[in-house]
Amino acid sequence: MATFRELLAQTKSRIREVDTEQAEAFISATPNAVLLDVREPDDDAPVVVYCAGGTRSAFAAETLAQLGYTDVVSMAGGFNKWKNEGRAWKAPRTLTPDQRNRYQRHLLVNEVGEEGQLKLLDAKVLLLGAGGLGSPAALYLAAAGVGTIGIVDMDVVDESNLQRQILHNLDRVGERKVDSAKKTLTQLNPDVNVVTYDVRLGADNILDVIDGYDVIIDGADNFPSRYLLNDASLIKGIPVVHGSIFRFEGQATVFKPWDGPCYRCLLPEPPPAELAPSCAEAGVLGVLPGIVGSIQAVEAIKVILGFGEPLVGRLLAYDALDQSFRTFKVLRDPDCPACGPNAGEIVIAEYDEHCMPHRH
Ligand SMILES: [Zn+2]
């Protein structure tokens, strides 16, 4: 009978061996490489080996037993029998070769990786507005592979939008903004399902529209919409990435319901109309929403993937004139009429210019 040394030599003569350096190169060059760990088992954890019909797994179970695994069984009938009997199973999800190529630079970042990319593909982000802020946010989220992007907008594309609303172009003037946005995003990334809401967001529909989304990007340009969104997102528990722009200044923050402050903690009531011109009246540098909307896209991805420090409880203020970014702490307001401990039940209703919460 052959000695162990002879047996090992014979075995090695029948297989291919690589050194550790070659193995490392092979693994990094072959994203679907399978690593099989057969170190000495640390415990007597039971192992169930299966194949398609139960033959290969019988041999594999015997080999594992020889290697010292004490509790190995082979499943007779294999996966085919399991499936035919209607037992639960699911295929392990992986990226397609096209997706591996498209998201290559994400896969190289540990914080994203394949798992994070699959998470982004499963994620649902709702954008309020396909305008200045919504344009860059939607473009980057679509490029990043966020699988579902909802867009709420009831406007049509006007030539005066093109100074900053880069989702649209001259051919789309007169078209519904949501349709123009969908065309641009679908051409950019076919992985993305764009859901359009060509409606005015109001008390009658907001809870239905935002339902099921993981994150909302607020690109609204008026106070009643922001307060309405705030109150509805508190009810649904959906984080809102807020952004606003004015002339050369932009702001961004993340409202994480019941965890960080909400919009009403930050701004209990809207400023008087003469101090807060609406976006239709106020001028803005065309590049500014590109910066703030991109920051909103970054925050949305951080909220989805859970890395870094999202702008929860912090207000980021950007000034294009002196190229400064400053962050200010924002605390939850114990007297907040929406999320404070003594605030009553939130009632969703249309807001007038005072935007105060309605009560039963
Ligand atoms: Zn609040």
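Provided above is the structure to which this section pertains.
Starting afresh in each chain, residues are numbered from 1 along the sequence in its written order. Local features in a predicted model are, by the rule used here, given only for residues with pLDDT of at least 70; side-chain atom pairs are given and counted only at 80 or more, and totals for whole chains, interfaces and linings are based on all residues. Processing note: side-chain calculations cover all non-hydrogen atoms of the structure and skip hydrogens and water entirely.

**Student:** Now, about unusual backbone geometry: what can you tell me, with residues and values included?
**Tutor:** Positive phi outside glycine occurs at Trp 258, with the angle close to 65 degrees. Working definition: helices are DSSP H or I runs of at least four residues, strands are E runs of at least two. Numbering for both runs from the N terminus. Mapping Trp 258 onto the fold places it in the loop between strand S8 (249-255) and helix H12 (263-266). Of the residues examined, Trp 258 reaches a relative accessible area of 42% and is grouped as partly exposed. Phi angles above zero are rare outside glycine, and Gln 323 is one such case at about 50 degrees. Within the fold, Gln 323 resides in the loop between strand S9 (314-319) and strand S10 (324-329). Exposure categories follow from relative accessible area, calculated using a 1.4 Å probe and restricted to protein chains: below 20% of the type maximum is buried, above 50% is exposed, and the middle band is partly exposed. Judged by its relative accessible area of 54%, Gln 323 falls in the exposed class.

**Student:** Let's hear about the packing of aromatic side chains: which residues, and what values?
**Tutor:** Only rings of Phe, Tyr and Trp enter the pairing, Trp through its six-membered ring, and a pair is recorded when the two centres are within 6.5 Å. The plane angle decides the type: under 30 degrees is stacked, over 60 is edge-to-face, the rest tilted. Applying the stated criterion across every chain, the model contains five aromatic pairs. Here Phe 255 and Tyr 263 contribute two aromatic rings whose centre-to-centre distance is 5.8 Å and whose plane-to-plane angle is 70 degrees, an arrangement assigned as edge-to-face. On the basis of relative accessibility, which here comes to 3%, the residue Tyr 263 falls in the buried class. To sit over a ring, a charge needs its Lys NZ or Arg CZ within 6 Å of the ring centre and within 35 degrees of the ring normal. The residue whose ring lies beneath Arg 87 is Trp 82, and the NZ or CZ to ring-centre distance is 5.9 Å. Its end group placed over the ring of Phe 223, Arg 226 keeps NZ or CZ at 5.2 Å from the ring centre.

**Student:** Go over the coordination of the zinc ion, please, and point to the residues and values.
**Tutor:** Within the protein, Cys 262 (SG), Cys 265 (SG), Cys 336 (SG) and Cys 339 (SG) serve as the donor atoms for the zinc ion, at 2.2 to 2.3 Å. The donor set covers N, O and S atoms within 2.8 Å of the metal, switching to 3.2 Å for Na, K and Ca, and it leaves out water, so a site may look short of donors. A four-donor site is classed as tetrahedral when every donor-metal-donor angle falls between 85 and 135 degrees; four donors are called square planar, and six octahedral, when trans pairs exceed 155 degrees and all remaining angles lie between 65 and 115, with any other arrangement labelled irregular. Classification of the site at the zinc ion rests on its four donor atoms, whose angles at the metal span 95 to 122 degrees, yielding the label tetrahedral.

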